[in-house]
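Close look at the chain arrangement
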Amino acid sequence: MLFHVRMDVAVPRDLDPDERATLLATEKARALELQRTGVWVHLWRVVGQYSNISVFDVSGTDELHDILWNLPLFPFMTISVTPLTEHPSALSANP
Ligand SMILES: O=C(O)CC1=CCC(=O)O1
């Protein structure tokens, strides 16, 4: 199942700089790992915002919830999820 996910990031400004660097590095490593396995299909920065738009390809809501809940940045993100299905006019639906 495909899900459109928006993550708005708000890391506290007073977070210790070393902690911040470690947090972001850990998040990046996890994001790269999930992209390499094909689960995190798209990861785009929203222009001018500390936000991303992502597409995940997972077995269902439980897997997606588990992935998002365990992201290192999860405590500092507001996340919104939209389930996707094939559009009848998409090329993929009209071979
Ligand atoms: O910077 C972000 O948008 C949050 C984030 C998600 C994956 C990653 O590496 O950073």
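Where an unreviewed UniProt entry is consulted, the chain appears under the name Muconolactone Delta-isomerase, with the organism given as Geodermatophilus siccatus.

Our focus in this paragraph is helix H1 (residues 17-36). Compared with the 28 Å implied by 1.5 Å per residue over 20 residues, the 28 Å span of H1 between its first and last C-alpha is a close match. Inspection of H1 places Leu 23, Glu 27, Ala 31 and Leu 34 among the buried residues, and these make up the whole buried set. The buried side chains of H1 occupy one side of the element, clustering within an arc of 65° when seen end-on. Opposite the packed face of H1, turned more than 90 degrees from it, sit the exposed residues Pro 17, Asp 18, Lys 28 and Arg 36. Contacts made by the buried residues of H1 are with strand S2 (40-45), helix H2 (61-69) and strand S4 (77-84). Two or three places before Asp 18, at the start of H1, stands the capping residue Asp 16, its side-chain oxygen 3.1 Å from that residue's backbone nitrogen.

Basis of the calculations
Here the residue index of a chain counts from 1 through its sequence in written order. In keeping with the model being predicted, local features are shown solely for residues with a pLDDT of at least 70 and side-chain atom pairs are shown and tallied solely at 80 or more, while totals for entire chains, interfaces and linings include all residues. In computing side-chain properties, one takes all heavy atoms of the structure into account and sets aside hydrogens as well as water. Numbering goes from the N terminus for both helices and strands, where a helix is a DSSP run of H or I of at least four residues and a strand is a run of E of at least two. The length a helix should cover is 1.5 Å for every residue beyond the first. A 1.4 Å probe rolled over the protein chains alone gives each residue an accessible area, and that area as a share of the maximum for its type sets the label: buried under 20%, exposed over 50%, partly exposed in between. The arc in question is traced by the directions running from the helix axis to the C-beta atoms. Residue contacts follow a heavy-atom distance rule, with two residues in contact if any of their heavy atoms lie within 4.5 Å. Each polar contact in these results corresponds to two N or O atoms within 3.5 Å; when the atoms are within protein, one needs to be able to donate a hydrogen and the other to accept it, and residues that are neighboring in sequence are counted only if both atoms are side-chain atoms.

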